[in-house]
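Architecture and fold: a report
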Amino acid sequence: MFRLQGKLHNDEVDSYIQQVDSQLEAAGVLQDERLRIRLSLEEILLEYARVLGKDSDVKITVRKKFGRVRVSLDVPGEMTDPVNDTDSLVLIKTLHRWSGAPDWRYKDGVNRISFTVLTFSTTSDNLKFAWKYARKNKGYLILGVIMQLISVGLMILAPLLSARIITGITENAFSQLFYTGIALLATNLFSAVALAVCNWAYNVLYNRTLTALETELSEDVLKITNESLDEHGTGLFIQRMTTDTSSLATAFGTFADNLSQVCQYAGILVAMLFVNPLVFLAGFILLVLQILVETKRQREVKKQDRIFRNQNERYTGIIGEMVRGAKDIKLIHAEGSFRERMTERIRSANDSRMYRDSQGRKYGLIGSFVRESGLFLFILLLGTFLQKNFLSVASALVLFNYYSLLDSSATKLLSQIMDFVTDFNLSCERLHELMSPVFPKESFGTVSKKDIRGEVRFENVSFSYNIRKLGVSTRFVLSRMSFEIRPGEIVAFVGRSGCGKTTVINLISKLYEAFSGRVLIDGTDIRDLDQDSLRGCMTVVTQSPYLFQMSVRDNFRIVKPDMTDEEMVAAAKQACIAEDIERMPDGYDTILGEGGVNLSGGQKQRLAIARSLLKDSRILILDEATSALDNVTQDEIRRVIQNLRGKCTVIMIAHRFSTIVDADTIYYVGDGKILAQGTHRELMQQSEDYRSLYTMEAGFR
Ligand code: ADP
Ligand code: MG
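Computed from a predicted structure; not experimentally measured.

What about the overall build of the chain?
Scanning the chain for helices and strands turns up 23 helices and 15 strands. Expected size for 701 residues packed as a compact globule is a radius of gyration near 27 Å; at 35 Å, the chain overshoots this value by more than 25%. Dimensions of the chain, computed from the C-alpha atoms along their principal axes, are close to 115 × 75 × 50 Å. When contacts within the chain are restricted to residue pairs at least 6 apart in sequence, long-range pairs at least 24 apart make up 75% of them. Surface accessibility of the chain: about 36200 Å² in total, with carbon and sulfur atoms responsible for 56%. Across the chain, the 85 positively charged side chains and the 83 negatively charged ones have centroids separated by 4 Å.

Quick look at the pairing of strand β13 (residues 649–653)
With five of five residues buried, β13 lies mostly within the body of the structure. Burial along β13 is two-sided: T649, I651 and I653 facing one way and V650 and M652 facing the other are all buried. Pairing of strand β12 (residues 619–623) with β13 involves five bridges; the strand directions are parallel. Among the inter-strand pairings, I621 is bridged to a residue of β13, identified as I651.

Observations concerning the packing of aromatic side chains
For the coordinates displayed, the defined rule picks out 24 aromatic pairs. Here F129 and Y133 contribute two aromatic rings whose centre-to-centre distance is 5.8 Å and whose plane-to-plane angle is 80°, an arrangement assigned as edge-to-face. Linking F129 with Y133, this pair stays in helix α4 (residues 123–134), spanning four residues, or about one helical turn. We note that F129, like Y133, is buried. With a centroid separation of 5.4 Å and an interplanar angle of 45°, the aromatic rings of F483 and Y667 are classed as tilted.

Considerations on empty space enclosed by the protein
Tallied over the entire structure, the rule returns three cavities of 30 Å³ or more. Every residue along the wall of the largest cavity is listed here: L507, K510, Y512, E513, A514, G517, R518, V519, D525, I526 and R527. In terms of residue count, strand β9 (residues 516–521) provides more of the lining of the largest cavity than any other element does, three residues in total. When its residues are assigned to classes, the lining of the largest cavity shows five nonpolar, one polar and five charged.

A look at helix α12 (residues 335–387)
With 53 residues, α12 extends 76 Å from end C-alpha to end C-alpha; this agrees with the ideal 78 Å at 1.5 Å per step. In the segment just after α12, N389 is the residue with positive phi, at about 60°.

A few points about the domain arrangement of the chain
For the chain, the domain assignment lists domain 1 (2–118) and domain 2 (123–301 + 371–435). Listed as interface residues are six residues of domain 1 and, on the opposing side, seven residues of domain 2. Where domain 1 abuts domain 2, roughly 400 Å² becomes buried across the two surfaces, and 40% of that area is made up of carbon and sulfur atoms. In terms of surface lost to domain 2, no three residues of domain 1 exceed G28, L30 and Q31, which account for 71% of the buried area on that side. The tally of links from domain 1 across to domain 2 stands at zero residue pairs in polar contact (both at pLDDT 80 or more).

Section: the layout of surface pockets
In this structure, the second largest pocket occupies an estimated 280 Å³ of space. In terms of lining, the second largest pocket is formed by 17 residues, of which the most central are G495, R496, S497, K501 and E624. Taken together, the elements giving at least two residues each to the lining of the second largest pocket come down to α14 (501–508) and α23 (688–700). Per-element accounting of the lining of the second largest pocket gives the leading share, three residues, to α14. Residue composition of the lining of the second largest pocket, grouped by class: five nonpolar, seven polar and five charged.

Parameters and conventions
- Position numbers for residues start from 1 in each chain and track the written sequence from start to end.
- Here chains are named by letter from A upward and ligands by number from 1 upward, in the order in which they appear as written.
- With pLDDT at 70 or above as the cut-off, local features in this predicted model cover only qualifying residues; side-chain atom pairs require 80 or more to be listed or tallied, and sums for whole chains, interfaces and linings still use all residues.
- As a convention, hydrogens and water are excluded, and side-chain values are obtained from all of the structure's heavy atoms.
- Only DSSP runs of H or I reaching four residues or more are called helices, and only runs of E reaching two or more are called strands; each is numbered from the N terminus.
- Only C-alpha atoms enter the radius of gyration; for comparison, a globular chain is expected to reach 2.2 Å times N to the power 0.38, where N is the number of residues.
- Contacts are residue-level and defined by heavy atoms, with any inter-residue pair within 4.5 Å sufficient.
- Method for areas: the Shrake-Rupley scheme with a 1.4 Å probe, in which residue coverage is limited to the protein chains shown.
- This count recognises Lys and Arg as positive and Asp and Glu as negative, with His and chain-terminal groups excluded.
- To locate a charge, take NZ of a lysine, CZ of an arginine, CG of an aspartate or CD of a glutamate.
- Per-residue accessibility, obtained with a 1.4 Å probe over protein chains only, is compared with the maximum for each type, and a residue is labelled buried under 20%, exposed over 50%, and partly exposed between these values.
- A pair of strands is labelled paired if DSSP reports no fewer than 2 bridges between them.
- Classification of ring pairs uses Phe, Tyr and Trp, with its six-membered ring standing for Trp, and accepts pairs whose centres are within 6.5 Å; under 30 degrees between planes counts as stacked, over 60 as edge-to-face, and the remaining range as tilted.
- A 1.4 Å probe that fits into a set of points on a 1 Å grid over the protein atoms alone but cannot get out defines a cavity; an open set with protein on both sides within 12 Å along at least five of seven lines defines a pocket, and lining residues are those with an atom within 4 Å of a point.
- Grid points are joined across faces, edges and corners, and a volume is the space filled by probe spheres set on the points.
- Classification convention: Asp, Glu, Lys, Arg as charged; Ala, Val, Leu, Ile, Met, Phe, Trp, Tyr, Cys, Pro as nonpolar; all other residues, Gly among them, as polar.
- Given a helix with a known number of residues, its expected span is that number minus one, times 1.5 Å.
- Segment limits for the domains were obtained from an automatic or database-derived domain assignment.
- Buried area adds together the accessible area that both of two parts lose upon being put together, with accessible area traced by a 1.4 Å probe.
- Pairing of N or O atoms within 3.5 Å defines a polar contact, subject to two protein rules: one partner must be a possible hydrogen donor and the other a possible acceptor, and residues neighboring in sequence count only if both atoms are side-chain atoms.

Here is the structure:
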């Protein structure tokens, strides 16, 4: 159970919400649900601060139960109900979308609000989820478990043999020593072989499970909608696909391993019970004491660990930004202020780690004390029993061996298991979330069209980027936009920056979906088209195209695996990049840097244009794709595009009018609509806005 107490001051409220949130995260509450709780909690706390004053006390508790978490909030003071009061913001913002509405009660002068949230799943649900990926290789799991049990059985046998050897030595009995020695050798060797086979089997299981899981996940991640990718950033996906997958794949091996160790310790305890019940009882009690201390240590360390991880995430976050933005940081000369932020985060992460470790050490020391005194007591007990002839020397040896086996390792095992279960559950939930509707996936229709001609039509299309976001006011980027592009036509969209030109492209390629209205290709709603028909018929070249860290040739091949060298060179020539490529150290085999860092902006754009020409699509879209080219090169490309007239539909967005003046139709975009359309000459006559945009650019030249 987690509890915090304080006043309703503004900055403290933020920290309460953070703390509750990290509790919920640790409990495996889904992200959406957490967001809702965060928002309502904030709303409720601020409402109480407003009505009852900022100096009112507040107590928040988070209780974890099986499969659910309960957050309760106590605020003493006059009766105030922010939940059912219809004027309150809480109601408007969350209740109507929220499955479990918070509950308000007033008792003994205290307002109490409680939320119950279902956590994602139990360990057994998670095991079922993980089993999906491990099932195909269950043979290895079974083999591993059998081998492990064999080795466990042999390990229990060993102390009995050791005792016989020691008594053999003290009694100077050679043949007893000889035969027992052989038995011990066989037992140990056999046990080692069994263990090796078992490890091998678990390893294969791990490997294959990981492969299956990673393959499926990487497919799923590519399907996630752009909205969701925008919202979460890349770090989250990378983290989950690397760390969490491995924790899930080890699950069965580790569980089996832990379980058989538990069997081993249980076996040892039973063996002790048979040898001498009284000594067993004493040993058992000492063990329980150790376990209690260890559980306490675990709990304390885990609490601090959670804080540390949060701090560390903040640190990794800023490191990522620093590496990616290194160039810009230098150019805007922001090293100083960046360093300050860094230092603060480094310090708080490392301080919390140090505190966590010091807590660990403290309880570790207490644990050692308990363990060593326990051992001393146990020795004392054996000594007393020997003296009183309650025990033979041989039995005392066996018991002592057993106790030493149990002593420190049993408590370690316990903490291992507890750690692993927590980790495993968290990882499962985070992975399952990736596949679940928390991260919505793109969906496609079923209509397959072979020969798309390249007609594009918008019918009253409206769109907003933040329509699904909670608590953000909706701003429509496009409102009831309509136009029709005929096959083989060359068209251009112009308008002020931010007017929604790229958004139009995003909707045609279905990176985002229209909120209302229809987008049609060849008369078919793009929602009905299957993925191959839709994405296969078009190529979009953006202002800063992404080039992969592969050779130039492979960057081409990725759009057309069966291309010939002639095709490749022809496309490169058309896009005016052939000479540049030939001048590179290895020509077409030169490996590009990540994202094409070792190329100029113009080279990247021309490579991307060449790549798109190679694909031979029915619809070619160039979104400011020539913005970084000089006028001569741009003119060349303009000619290439003119040659495409009639062969494919070309949609252009360019901020230089020279690129688009000879388009068949130019659409002037403003206020989320097409304000005017026609050829350049027509627009110059009809549209004042267009004219002013044009003359403005001409004036700069
Ligand atoms: P442009 O005409 O310059 O290409 P865009 O279509 O890119 O304009 O953007 C139109 C508007 O939508 C802008 O106001 C921009 O801030 C907003 N916008 C663009 N992309 C996103 C996004 N991924 N999320 C939220 N808002 C966006
Ligand atoms: Mg744009």
